[in-house]
Amino acid sequence: MSGQLEVVRAGVLTTVQDEGRFGHAHLGVGRAGALDAPSARLANRLAGNSVTAALLETTATGCAVRPDRAVRVVVGGAPCRVTVDGRPVAWGAAVRVPAGAVLDAGPAAYGLRGYLAFAGGLRPRPVLGSRSADLLSGLGPAPLRDGDVLPLGAPPSGRVHSGEAVPWPGVPDTLVLPVRPGPRHTWFTPAALRTFTSAAYRVSPQSNRIGLRTEGPPLERARTGELPSEGMVLGAVQVPPDGRPVVFLNDHPTTGGYPVVGVVPESALAAAAQAVAGTVVRFVRA
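Residues numbered from 1 in each chain as written. Predicted model: local features only at pLDDT ≥ 70, side-chain atom pairs only at ≥ 80, totals over all residues. Heavy atoms only, no water.

Within the protein one finds three helices and 20 strands. Taken against the 2.2 N^0.38 rule, which gives 19 Å for 286 residues, the C-alpha radius of gyration of the protein at 20 Å falls within 12% of a compact globule. When the backbone C-alpha atoms are referred to their principal axes, the protein occupies close to 60 × 40 × 35 Å. When burial is assessed residue by residue, the protein has 51% of its 286 residues classed as buried. Taking as baseline every contact in the protein between residues at least 6 positions apart, the subset at least 24 positions apart corresponds to 77%. (Helix = DSSP H or I, 4+ residues; strand = E, 2+ residues; numbered from the N terminus. Rg over C-alpha atoms; globule rule 2.2 N^0.38 Å. Buried < 20%, exposed > 50% of the residue type's maximum accessible area, 1.4 Å probe, protein only. Contact = heavy atoms within 4.5 Å.)

To continue, consider the sheet that holds strand 14 (residues 211–215). The seven strands are arranged 12-19-16-17-14-13-20 in a closed barrel whose pairing can be described as mixed. Each strand of the sheet is rotated relative to its neighbour by a mean of 40 degrees, with strand direction disregarded. Note: strand 16 (residues 236–238) against strand 17 (residues 246–248), two bridges, orientation antiparallel. Looking at strand 17, one finds that Val-237 is bridged to Val-247. (Pairing = 2+ DSSP bridges. Axes fitted to C-alpha atoms, helices over the stretch in contact; angles between N-to-C directions.)

For the structure shown, the criterion picks out one cavity of 30 Å³ or more. Of the pockets and cavities examined, the largest cavity occupies roughly 70 Å³. Around the largest cavity sit 17 residues that line it, and Thr-58, Gly-62, Ala-78, Gly-106 and Gly-114 are the ones nearest its centre. Element by element, the count of residues in the lining of the largest cavity is highest for strand 9 (residues 103–108), at four residues. Looking at the lining of the largest cavity, its residues break down into ten nonpolar, six polar and one charged. (1 Å grid on protein atoms, 1.4 Å probe; cavity = no way out; pocket = protein on both sides within 12 Å on 5 of 7 lines; lining within 4 Å. Points joined across faces, edges and corners; volume = space filled by probe spheres on them. Nonpolar A, V, L, I, M, F, W, Y, C, P; charged D, E, K, R; others polar.)

On to the side chain of Gln-274. Within the secondary structure layout, Gln-274 lies in the loop between helix 3 (269–273) and strand 20 (280–285). A polar side-chain atom of Gln-274 sits 2.9 Å from a polar atom in the side chain of Asp-36. Once residues lying within four places of it in the same chain are set aside, the contact partners of Gln-274 are Asp-36, Gly-77, Ala-78, Gly-111, Leu-112, Arg-113, Tyr-115, Val-171 and Pro-172. (Polar contact = N/O pair within 3.5 Å; in protein donor to acceptor, adjacent residues only side chain to side chain.)

What follows covers the environment of Val-176. Considering the arrangement of structural elements, one finds Val-176 in strand 12 (residues 174–181). For the pair Val-176 and Ala-271, spaced 95 residues apart in sequence, the C-alpha separation works out to 8.7 Å. Discounting chain neighbours no more than four positions away, the residues touching Val-176 are Arg-282 and Val-284.

What you see with strand 8 (residues 94–97) is a clean split: Val-95 and Val-97 sit on the buried side and Ala-94 and Arg-96 on the side with no burial. Where strand 5 (residues 71–77) lies against strand 8, four bridges are found, and the strand directions are antiparallel. What sits directly across from Arg-72, in strand 8, is Arg-96.

A separate point is helix 1 (residues 37–47). By the criterion of burial, helix 1 is predominantly enclosed, with eight of the eleven residues buried. Buried residues of helix 1: Ala-37, Ser-39, Ala-40, Leu-42, Ala-43, Asn-44, Leu-46 and Ala-47, and no others. Summarising the contacts, the buried residues of helix 1 are in contact with strand 3 (55–59), strand 5, strand 8 and strand 10 (113–118). At the C-terminal side of helix 1, Gly-48 shows a positive phi close to 90 degrees.

With that settled, the discussion passes to the pattern of salt bridges. In total, this model carries nine salt bridges according to the counting rule given. Between Glu-266 and Arg-31 there is a salt bridge whose closest N-O contact spans 2.7 Å. Here Glu-266 is found in the loop between strand 19 (260–263) and helix 3, whereas its partner Arg-31 is found in the loop between strand 2 (15–17) and helix 1, with 235 residues between them in sequence. Take Glu-266: its relative accessible area is 45%, and that puts it in the partly exposed class. A residue is classified by how much of its surface remains accessible, and Arg-31, at 18% relative accessible area, is buried. Through salt bridges with shared partners, one network takes in Glu-57, Arg-113, Arg-209 and Asp-251. (Salt bridge = Lys/Arg side-chain N within 4 Å of Asp/Glu carboxyl O.)

Attention shifts here to the environment of Gly-278. When you line up the elements, Gly-278 lands in the loop between helix 3 and strand 20. The class for Gly-278 is partly exposed, based on a relative accessible area of 32%. On a C-alpha basis, the gap between Gly-278 and Thr-254 in space is 27 Å, while along the polypeptide they are 24 residues apart. When sequence neighbours within four positions are dropped, the list of residues in contact with Gly-278 reads Arg-202 and Val-203.

Scanning the entire structure with this criterion turns up three aromatic pairs. Taken together, the ring pairs in this structure connect Phe-196, Tyr-201 and Phe-283 into an aromatic cluster. (Phe/Tyr/Trp six-rings, centres within 6.5 Å; stacked < 30°, edge-to-face > 60°.)

Turning next to the environment of Val-237. Along the chain, Val-237 falls in strand 16. A relative accessible area of 0% means that Val-237 is categorised as buried. For the pair Val-237 and Pro-259, spaced 22 residues apart in the sequence, the C-alpha separation amounts to 8.5 Å. When neighbours within four sequence positions are excluded, Val-237 is seen to be in contact with Phe-196, Pro-245, Val-246, Val-247, Pro-259, Val-260, Val-261, Gly-262 and Val-264.

Here's what the structure looks like:
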């Protein structure tokens, strides 16, 4: 039986995400998708879904929703207090939410992004093969607002995880990002490259799903001028005119004209999704 989900409290930024849309960069369409992919996949598995099912990604303040049918829900990612009609329930495990009850995932105790997976998944209209919201292009569902209604898929059949404790990815105190140099590292002085892999940066409050911005020592260029726009990939570390590195995340542009000093492998980016403003960032050679 399908159903729907009413947004009671949208929070500061809550979006629908799945694995993202692939194969459209040549059209100027990025990937989007859950920033902390391991946490999103685990939440879906515990809810009995395919890892590709659409779910909610919250930012810092959580959200509250009301389903119109009973549904199994898993709240994971950044740890938080979870209640159903005001009564505490488990974080990180499947809980049953009765029809008409309010599930409230509170502010993150630490970390930044939470994931709410509903048995059957969320079913807004897919765009280019994905239900993910892309904040840069505007594709997919808009960020949620109070009173929005989302369609729920029919609950999956078959065996569901029994609910014993499972290990969730941790939230970093210090964000260590391995970086492969290039393709434009020669645009920077040797001293700048040493600074890049030795200095302590901090996560800027201006960070978002497009990129993790940093505060710290600027990187000095070895050459002037600007590049013609060229392709940008997930994890590219672009250096704008202020000299502070920006790590491109899932909603990044597909082209750009500032030099890329290195690329962070995708496997290291989930930790970046959970790094709050002020977190120490260190770049190390991969």
